[in-house]
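Residue-level structural notes
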Amino acid sequence: MRLHCCFGGTTIQTMKLASIPYRTCATSPSLRSSAAISRPFALFKTLSASHSPNWPHRFPFHIRALSSAAASAQPAVDSTNTVSVDYSVVKPQWKAAIDFKSILENKSAVAANLKNRNSNANLELVIELYEKLLQLQKEVEELRYERNTVANKMKGKVEPLERQTLIEQGKNLKDQLVTLEEDLIKLTDSLQREAQCIPNMAHPDVPIGGEDSSTIRKTVGSPREFTFPIKDHVQLGKELDLFDFDAAAEVSGSKFYYLKNEAVMLEMGLINWTLSEVMKRGFTAITTPEIARSIVVEKCGFQPRGDNTQVYSIEGSDQCLIGTAEIPIGGIHMDSILADSALPLKYVAFSHCFRTEAGAAGAATRGLYRVHQFSKVEMFILCRPEESDAYHQELIEIEEDLFSKLGLHFKTLDMATGDLGAPAYRKFDVEAWMPGLGRYGEISSASNCTDYQSRRLGIRFRPENPTNTKKGKGRNLNPPEFVHTLNATACAVPRMIVCLLENYQQEDGTVVIPEPLRPFMGGIQLISHKVK
């Protein structure tokens, strides 16, 4: 929906939201053969634009990165002062620090990982493009050497005829070099687009298969036994005057809602209680921007699958509404080298989140369970590589402790390969019992993304050398390494409200507030019917 607001004769531009037309990782079949890449520049006009994951481990070999100027998109302004921009031109691909050498050395393991994750990344094409890139780099370096040799000869005393010959040779070499360097830039972009489709490797203990193959790690509590007919949260909310879905549908559309009365206090109580509990564990509290640049969203690994993008974009800009605080937190230290002594960095963030919920047909969509906008408290850690498994365990233990204190019955699962997002090396989900729905529903997850995101975001640290006592320029510095990143949901408010209302309902239709939340809700102990 586009809005135009005028004040004092001045037109104020506002934004139009739309799902990002993300590129998929699928490539034209004609480009998947060796013949299609027999010459590097033969595929530049036809290679589809795609983006995605990159390789997660340290790499000893770097390809030479040559960046090209961004394609310009000139905005057109119509009579209503509405700006429209043509983004049909494919811009040069941003560079991820992908370990191509490791991909080659571990081709079988990478191929198995793609199969286990049901990924459509084309490993063979990536390898062919990379080998073509190496050959082209070699040709470029040889031409540079020849050109430098000619230039050095001209510095000495040479006959006029020979000088003219050298000048012609230098000009020809320059022209050839310009053409090959342009081809090298384009081939590098094509390789990046394909290689970024390769997801993170999976932990060796991750179950292989679809979601049904996920294994239960732990079960806490047992379902409450009710002696009266159970109501779901929608009915409870209606009778206790806590929600207004109808008005929200008129104002904003389906899957939006108004919270009212004690539900507002419950949301605020959950947020503040969760923040206080997590901060006790050494996390720094932070609020984040709720709009991020598209490139940051992509670098965090949030590429949609086909048309089912979960991301809202702002039309005519390179910005998106965030689907999780993980995105803006990940961007804080983008393109930086952190001090070893600064790690780990542990954040707990509050933000509103926005998701299209495309492709959610058939899933539980009633009431608050699946909505377009919601409040969430998110944990995020940047750490040394050897510590990420331990911090992953810490995150899931924090989640289990929070939900146990609220008296919920839940189970934690080690999610199977087919249910892992591209960045995740391993993911634990928490599913809580929801009596009104009559089933378990996901309320949280905790993911170890190893160096998948940091290689895309450019976040590194320089390990300290304890044996190096020199100071100043003479000291030997260790080369920087990529940090590992982890994220976990401490509280997704709408689903927590679902759990609390349905599990703490009473026979008379009231709802008891769990004791830990009462001090954060002004002492409210019971949600009662309103006196009319």
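To be clear, the structure that these remarks concern was listed above.
This write-up is about the structure you can find in this document. Keep in mind that this is a model prediction, so the values were computed, not measured.

Right, let's get into the overall build of the protein chain. Helices and strands together make up the secondary structure of the protein chain, namely 12 helices and 23 strands. Looking at the protein chain as a whole, 49% of its 532 residues qualify as buried. As presented, the protein chain carries roughly 25600 Å² of accessible surface, and 52% of it is formed by carbon and sulfur atoms.

Taken N-terminus to C-terminus, the directions of helix 3 (residues 123-155) and helix 4 (residues 160-195) make an angle of 160°; their axes are 9 Å apart at the nearest point. Here helix 3 is positioned roughly antiparallel relative to helix 4, judged by the angle of their axes. You can see that helix 3 and helix 4 cross each other, and the crossing is left-handed. Looking at the contact of helix 3 with helix 4, its residues break down into 19 nonpolar, six polar and 11 charged.

Here we take up the sheet that holds strand 13 (residues 336-339). In a beta sheet, neighbouring strands are held together by backbone hydrogen bonds and run either parallel or antiparallel to one another. Pairing within the open sheet is mixed, and its three strands lie in the order 13-19-20. Two strands bound the open sheet, and with one partner strand each, they are strand 13 and strand 20 (481-482). For strand 13 and strand 19 (residues 459-462), the ladder comprises four bridges, and the chain directions are parallel. Bridge pairing links Ser336 to Ile459 in strand 19.

Once that is clear, we can look at the nonpolar core. Counting 58 residues, the largest nonpolar core has Leu270, Met379, Leu408, Ile443, Ile497 and Leu517 as the members making the most contacts within it. At the level of secondary structure, the elements contributing two or more residues to this core comprise helix 7 (262-279), strand 14 (345-354), strand 15 (373-383), helix 10 (388-405), strand 17 (426-434), strand 18 (439-448), strand 21 (484-492) and helix 12 (493-503). Ignoring any residue separated from it by four or fewer positions in sequence, one finds Leu408 in contact with Val220, Phe403, Ile443, Met496, Cys499, Leu500 and Asn503. Core analysis: the second largest hydrophobic core is formed by 30 residues, Val110, Leu123, Leu136 and Leu187 among them.

On to the environment of Asp414, then. Topologically, Asp414 is positioned in strand 16 (residues 410-414). Classification of Asp414 as buried rests on a relative accessible area of 4%. Along the sequence, Asp414 and Lys427 sit 13 residues apart, while their C-alpha atoms lie 6.3 Å from each other. Discounting chain neighbours no more than four positions away, the residues touching Asp414 are Asp205, Val206, Pro207, Ser214, Thr215, Arg217, Arg426, Lys427 and Phe428.

Another aspect to go through is helix 12. Counting buried positions over the 11 residues of helix 12 gives 11, a clear majority of the element. All of the buried residues along helix 12 are Val493, Pro494, Arg495, Met496, Ile497, Val498, Cys499, Leu500, Leu501, Glu502 and Asn503.

Structurally, Leu486 is set in strand 21. Placed 95 residues apart in sequence, Leu486 and Tyr391 show a C-alpha to C-alpha distance of 7.8 Å.

This model, assessed by the stated rule, comprises 25 salt bridges. Its salt-bridge partner being Lys171, residue Asp175 comes within 3.5 Å of it at the nearest N-O pair. A residue pair is termed a helical-turn pair when its members lie 3 or 4 positions apart in one helix, as Asp175 and Lys171 do in helix 4 at four residues. A residue is classified by how much of its surface remains accessible, and Asp175, at 41% relative accessible area, is partly exposed.

Let us now look at the sheet that holds strand 16. Read from one edge of the open sheet, eight strands run 6-16-17-18-21-15-14-9, paired in mixed fashion. Here the strands that pair on one side only, and so sit at the sheet edges, are strand 6 (215-220) and strand 9 (284-287). Averaged over all pairs of adjacent strands, the angle between their axes in this sheet comes to 25°, without regard to strand direction. Note: strand 18 against strand 21, three bridges, orientation antiparallel. Opposite Ala446, over in strand 21, you have Ala488 as the bridge partner. Helix-sheet contacts for helix 10 involve strand 6, strand 14, strand 15, strand 16, strand 17, strand 18 and strand 21, and the interaxial angle to strand 18 is about 150°.

Okay, the packing of helix 7 against helix 10 next. One way to put it is that helix 7 packs onto helix 10 with a least axis distance of 11 Å and a crossing angle of 135°. Taken together, the axes of helix 7 and helix 10 lie oblique to each other. Pair helix 7 / helix 10 crosses with right-handed handedness. Between helix 7 and helix 10, the residues in contact are Trp273, Thr274, Glu277 and Val278 and Ile398, Leu402 and Lys405, respectively. For the contact of helix 7 with helix 10, the class distribution of residues is four nonpolar, one polar and two charged.

For strand 15, the tally of buried residues reaches 10 of 11 residues, placing the bulk of the element in the interior. Where strand 14 lies against strand 15, 10 bridges are found, and the strand directions are antiparallel. Each residue of the ladder has a partner; that of Lys346, found in strand 15, is Ile381. Inspection of the sheet shows strand 15 paired to strand 21 by eight bridges, in the antiparallel sense. Pairing of Glu378 across the sheet is with Thr489, part of strand 21.

Moving on: the side chain of Glu262. Structurally, Glu262 is set in helix 7. Residues contacting Glu262, with those up to four places away along its chain left out, are Leu242, Met521, Ile524, Ile527, Ser528 and Lys530.

This part covers unusual backbone geometry. In this model, Leu343 is joined to Pro344 through a cis peptide bond whose omega is 0°. With respect to the helices and strands, the residue Pro344 is situated in the loop between strand 13 and strand 14. Phi angles above zero are rare outside glycine, and Asn118 is one such case at about 60°. Within the element layout of this structure, Asn118 appears in the loop between helix 2 (107-116) and helix 3. Owing to a relative accessible area of 63%, Asn118 belongs among the exposed residues under this scheme. The residue Lys255 is not glycine, and still its phi comes out positive at about 65°. In this fold, Lys255 is placed in the loop between helix 6 (245-251) and strand 8 (258-259).

Cut-offs applied
Residues numbered from 1 in each chain as written. Predicted model: local features only at pLDDT ≥ 70, side-chain atom pairs only at ≥ 80, totals over all residues. Heavy atoms only, no water. Helix = DSSP H or I, 4+ residues; strand = E, 2+ residues; numbered from the N terminus. Buried < 20%, exposed > 50% of the residue type's maximum accessible area, 1.4 Å probe, protein only. Areas by Shrake-Rupley, 256 points an atom, 1.4 Å probe, with all protein chains shown as cover. Axes fitted to C-alpha atoms, helices over the stretch in contact; angles between N-to-C directions. Parallel < 35°, antiparallel > 145°, perpendicular 65-115°, else oblique. Left-handed = near helix turned anticlockwise from the far one by under 90°. Nonpolar A, V, L, I, M, F, W, Y, C, P; charged D, E, K, R; others polar. Pairing = 2+ DSSP bridges. Core = buried A, V, L, I, M, F, W, Y, C linked by side-chain atoms within 4.5 Å. Contact = heavy atoms within 4.5 Å. Salt bridge = Lys/Arg side-chain N within 4 Å of Asp/Glu carboxyl O.

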